[in-house]
Amino acid sequence: MADYTSETVTRTIRRWIIPAAEPWGAASAEIGKAWAVAELAYREHYDIPKEVALRDDALRFHVRDEDIVIEFAIEERVS
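Quantities reported herein were computed from a predicted structural model and do not represent experimental measurements. (Residues numbered from 1 in each chain as written. Predicted model: local features only at pLDDT ≥ 70, side-chain atom pairs only at ≥ 80, totals over all residues. Heavy atoms only, no water.)

Novice: It is not clear to me how the side chain of glutamate 71 should be interpreted in this structure. Could you clarify?
Specialist: Topologically, glutamate 71 is positioned in strand β3 (residues 67-78). In this structure the side chain of glutamate 71 is engaged in a polar contact, spanning 3.3 Å, whose partner is the side chain of histidine 62. The residues contacting glutamate 71, other than those within four sequence positions of it, are Ile13, Arg14, Arg15, Ala58, Leu59, Arg60 and His62. (Helix = DSSP H or I, 4+ residues; strand = E, 2+ residues; numbered from the N terminus. Polar contact = N/O pair within 3.5 Å; in protein donor to acceptor, adjacent residues only side chain to side chain. Contact = heavy atoms within 4.5 Å.)

Right, dumping it as structure tokens:
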């Protein structure tokens, strides 16, 4: 008989999407606002105080065809 376990993991991805259509792209102010809100959401979820630096890979930035996307993922084991 084999010894093993299994688990189910639910993954939630939080995203902030900034329009960045050519030829103008996205304004730095709009990226900054979305970044600040994403960072706050990450800190609140993981209970990280404002004075503690975030890990370098806490937030991810992706470029889509006409958007810039800031995101982080949350994984939770389901009983």
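Novice: Any chance you could explain the packing of aromatic side chains here in plain terms?
Specialist: What describes a pair of aromatic rings is the distance from one ring centre to the other and the angle between the planes of the rings. Under the definition given, this model contains four aromatic pairs. With centroids separated by 5.8 Å and ring planes inclined at 20°, the aromatic side chains of tryptophan 16 and phenylalanine 72 adopt a geometry described as stacked. A residue pair is termed long-range when its members are at least 10 positions apart, and tryptophan 16 in strand β1 (residues 8-19) and phenylalanine 72 in strand β3 qualify at 56 residues. Across the pair, phenylalanine 72 and tryptophan 16 agree in class, each one buried. Pairwise contacts between aromatic rings join Trp16, Tyr42, Tyr46 and Phe72 into one cluster. (Phe/Tyr/Trp six-rings, centres within 6.5 Å; stacked < 30°, edge-to-face > 60°. Buried < 20%, exposed > 50% of the residue type's maximum accessible area, 1.4 Å probe, protein only.)

Novice: Explain the pairing of β3 to me, please; I cannot follow it from the model alone.
Specialist: The side chains of a regular strand alternate, residue by residue, between the two faces of the sheet. Note: β1 against β3, twelve bridges, orientation antiparallel. If you follow arginine 11 over to β3, its bridge partner there is glutamate 75. Relative to β3, strand β2 (residues 60-63) runs antiparallel, the two being bridged by four bridges. Residue pairing across strands places histidine 62 opposite valine 69, the latter belonging to β3. If you look at the hairpin formed by β2 and β3, you'll find three residues sitting between the two strands. (Pairing = 2+ DSSP bridges.)

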